[in-house]
Structure formats: C-alpha cells, structure tokens
Amino acid sequence: AKYFLKTIKNYDPSYPIVLDIEEEYFKKMSRKKVTDIIVAFMEELENAGYYAMIYSSPNFINNYTDFSRLTKYDIWIACWGDEERLNSYYDGHYGMWQYSSTGSVNGINGDVDLDYSYKDYAYIIEKNGLNK
C-alpha cells in the first residue's frame, strides 16, 4: 500500500482508489489472512486521505474473504450478465458493477469493460476533500 501511495502521489483522481483482489495467489490463504490484507490496504489508503474501494468477483468475496469485516468499504463487483445473474451470485452491497468485459467504444480497438456506478463518486470525493 505504501508503494502504491508513492506511485499515485502526483495524481488527483476523481474516482475511488481501488484494490483489485482476485488472484489465485490469495486463494491459497485463509479467509482471515486475505481479509487482513484487504483491511490493511484500505486503512493505509484512507489514512492517506483517499477514498478506498475493493474490486472483485462474487466468488472471491463470498469464498475467500470474511465479508462482515469489509462492509464499511464500497465494493466494485465484477459479475458479467444481467441483474438476475448478479443477484443469484452476490447479495452484498456495491457501489459499482462491472456487467461486461466485451463492450465496444468508438476509438478503442478491442473489447472494453462496461460498468454502472451507483454513486456520484466525483462529488463525494470533492466534497470531502479526498484524493489530493
């Protein structure tokens, strides 16, 4: 987290700083250890004045974390398909939802991720003087 903070110190992002955690490496650890890592990372970001968020899949969150310890953080959930599919795999809170990885945008070659944001993060971050 400290290295990450050093890397982003010259940026003022208008959206949350996100920990993407879903790698196979973490699946070999206990739920407690994975959750301890997430919480430590989030606390470092928040203590440095950033709006912190977790990005992962329903499978990872449900099976490899103690979600009860993560409820104070926004989740960016990656679950491709419609809301019915999302709701069948995940019943936790989320502020963003990645519903596809095969979208297209004029001017970009290849597939792009498609997401919904349910909060006005730019406003929340600016209003609270975060991410500076």
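Residues numbered from 1 in each chain as written. Predicted model: local features only at pLDDT ≥ 70, side-chain atom pairs only at ≥ 80, totals over all residues. Heavy atoms only, no water.

Caption draft 1: Representation of the overall build of the chain within the structure. Counting its secondary structure elements, the chain contains 5 helices and 5 strands. Across the chain, helices and strands are ordered from the amino to the carboxyl terminus as α-β-α-β-α-β-α-β-β-α. Whereas a compact globule of 132 residues would reach a radius of gyration of roughly 14 Å, the chain reaches 15 Å, a difference of no more than 12%. Residue burial in the chain is summarised as follows: out of 132 residues, 36% are buried. Across the chain, contacts joining residues at least 24 apart in sequence account for 50% of those joining residues at least 6 apart. Here the chain has roughly 8200 Å² of accessible surface; of this, 48% comes from carbon and sulfur atoms. Placing the 14 positive and 20 negative side-chain charges of the chain at their respective mean positions leaves the two points 10 Å apart. (Helix = DSSP H or I, 4+ residues; strand = E, 2+ residues; numbered from the N terminus. Rg over C-alpha atoms; globule rule 2.2 N^0.38 Å. Buried < 20%, exposed > 50% of the residue type's maximum accessible area, 1.4 Å probe, protein only. Contact = heavy atoms within 4.5 Å. Areas by Shrake-Rupley, 256 points an atom, 1.4 Å probe, with all protein chains shown as cover. Lys, Arg positive; Asp, Glu negative; His and termini not counted. Charge placed at Lys NZ, Arg CZ, Asp CG, Glu CD.)

Caption draft 2: Focus on the nonpolar core. Counting 25 residues, the largest nonpolar core has Ile21, Ile38, Met42, Leu45, Ile54 and Ile77 as its most contacted members. When residues of this core are traced back to their parent elements, those giving at least two are helix 1 (2-8), strand 1 (17-20), helix 2 (31-47), strand 2 (52-56), helix 3 (58-64) and strand 3 (74-78). It is helix 2 that provides the largest number of residues to this core, a total of 6 residues. Apart from the residues lying within four places of it in its own chain, the contact partners of methionine 42 are Leu19, Ala52, Met53, Ile54 and Tyr73. (Core = buried A, V, L, I, M, F, W, Y, C linked by side-chain atoms within 4.5 Å.)

Caption draft 3: Just the pattern of salt bridges, in detail. Summed over all chains, the structure comprises 5 salt bridges. Lysine 27 serves as the salt-bridge partner of glutamate 24, at 3.0 Å between the closest nitrogen and oxygen. In this structure, the salt-bridge partner of aspartate 36 is lysine 32, at a minimum N-O distance of 2.8 Å. Highlighted residues: aspartate 36 and lysine 32, both in helix 2, separated by 4 residues, approximately one helical turn. In the salt-bridge network here, residues are joined through shared partners; they are Lys32, Asp36 and Arg69. (Salt bridge = Lys/Arg side-chain N within 4 Å of Asp/Glu carboxyl O.)

Caption draft 4: Focus on the sheet that holds strand 4 (residues 96-103). The 5 strands lie next to each other as 1-2-3-4-5, forming an open sheet whose pairing is mixed. The sheet is open, and its two borders are formed by strand 1 and strand 5 (112-117), each paired with just one other strand. Put simply, the sheet's adjacent strands are angled 25° from each other on average, direction ignored. When strand 4 meets strand 5, the two strands line up antiparallel, connected through 5 bridges. Counterpart to methionine 96 in the pairing with strand 5 is serine 117. Seen against the sheet, helix 2 touches strand 1 and strand 2 and runs at an angle of roughly 145° to strand 2. (Pairing = 2+ DSSP bridges. Axes fitted to C-alpha atoms, helices over the stretch in contact; angles between N-to-C directions.)

Caption draft 5: Representation of the side chain of serine 57. In this fold, serine 57 is placed in the loop between strand 2 and helix 3. Polar side-chain contacts of serine 57 include one of 3.1 Å to the backbone nitrogen of phenylalanine 60. (Polar contact = N/O pair within 3.5 Å; in protein donor to acceptor, adjacent residues only side chain to side chain.)

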